[in-house]
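Close look at the chain arrangement
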Amino acid sequence: MDADWIELRRELDLWSAEGRVARLWLRDDDAVSATPALDRLLALSQLHSAPILLGVIPMLARPCLVRALLDCTHITVAMHGIRHENHAAADERKQELPIALGHEAILSRLKLGRARLTGHFGAAAGGWYIPPWNRIVTEAAALLPQTGFKALSCFSGAGHTIPGLSLHNTHLDLISWRTGRIGKPPSRVGAGLAAELALARADGFRPVGVLAHHLDHDAAAWRSLSGLLTVTSCHPAVSWVAADDLLV
């Protein structure tokens, strides 16, 4: 295990040497129901004091999920699309809210999903929006503040500058989607996070986000998540922060 994380430890030691603390945050997508995988994720989060921004698909969320999260103070619920459906044209990359739907239709769908989400989880659940496939066009993202959203989270490289909307992308995915939803091994995750932290250190010590998908985790992904949380939670140069703390 130590060999898998040696690059990460070295990078974190550099943060310590500069008197800095790396702010890490964890996002997980596609929650719809209470499952053993969700239980495992919540247990790891609580064990290592690592809060989670949990992307919930509002129109698919089941009552058992509401019950499972009832007393989870370390979880921030985010809206993960509306139904997680692809409405892009055949020659376009997947997205749920293509501008071809029209502004009024997009606003209506956002309002419907947000009302369902806050009805289940309370007003605090209406602050964050996570687009399915981490993809949303700027014209659609610009409508998010009109429906009450304060923050948008996509993946590294996605750039939207919208008044009234804070953008916080994740940077490291625990799964290799292009090779068949295969979990990245600990050595690759450790090296990947070390590289992202080095970039953050050179960019004003910005926060770094880790992306998980509990329903798609294989044994490798679970080993990587557990090892990552174990190593970082014990290092003095790391603070796992709640999503809403990024907005301060």
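Our structure is the block above this text.
To keep things clear, this report deals only with the structure shown in the data block.

Glancing now at the overall build of the protein. Along its length, the protein carries seven helices and 11 strands. For a compact globule of 248 residues, the expected C-alpha radius of gyration is about 18 Å, and the protein comes in at 18 Å, within 12% of that figure. Here the C-alpha coordinates of the protein stretch approximately 50 × 35 × 35 Å along the principal axes. Relative to its 248 residues, the protein shows a buried fraction of 51%. For the protein, contacts bridging at least 24 residues in sequence account for 67% of all contacts bridging at least 6. Within the structure as shown, the protein displays about 11200 Å² of accessible surface, and the carbon and sulfur contribution to it stands at 52%.

What follows is about the packing of helix α6 (residues 186–201) against helix α7 (residues 219–233). Between α6 and α7, the shortest axis-to-axis distance is 9 Å and the interhelical angle comes to 50 degrees. As summarised for this structure, α6 and α7 are arranged oblique, according to the angle between their axes. In the packing of α6 onto α7, the handedness of the crossing is right-handed. Contact residues: P186, V189 and L193 in α6; R223, S224, L228 and T232 in α7. Of the residues in the contact of α6 with α7, the class split is four nonpolar, two polar and one charged.

Take the packing of aromatic side chains next. For any two aromatic rings, the description comes down to two numbers: the centre-to-centre distance and the angle of the planes. Applying the stated criterion to the full structure yields three aromatic pairs. On the basis of an interplanar angle of 70 degrees and a centroid distance of 5.5 Å, the ring pair of Y129 and F149 is categorised as edge-to-face. On the criterion of sequence distance, the pair formed by Y129 in strand β4 (residues 128–130) and F149 in the loop between α5 (138–141) and β5 (151–152) is long-range, its members being 20 residues apart. Exposure class is identical for Y129 and F149. Each is buried.

Basis of the calculations
Residues numbered from 1 in each chain as written. Predicted model: local features only at pLDDT ≥ 70, side-chain atom pairs only at ≥ 80, totals over all residues. Heavy atoms only, no water. Helix = DSSP H or I, 4+ residues; strand = E, 2+ residues; numbered from the N terminus. Rg over C-alpha atoms; globule rule 2.2 N^0.38 Å. Buried < 20%, exposed > 50% of the residue type's maximum accessible area, 1.4 Å probe, protein only. Contact = heavy atoms within 4.5 Å. Areas by Shrake-Rupley, 256 points an atom, 1.4 Å probe, with all protein chains shown as cover. Axes fitted to C-alpha atoms, helices over the stretch in contact; angles between N-to-C directions. Parallel < 35°, antiparallel > 145°, perpendicular 65-115°, else oblique. Left-handed = near helix turned anticlockwise from the far one by under 90°. Nonpolar A, V, L, I, M, F, W, Y, C, P; charged D, E, K, R; others polar. Phe/Tyr/Trp six-rings, centres within 6.5 Å; stacked < 30°, edge-to-face > 60°.

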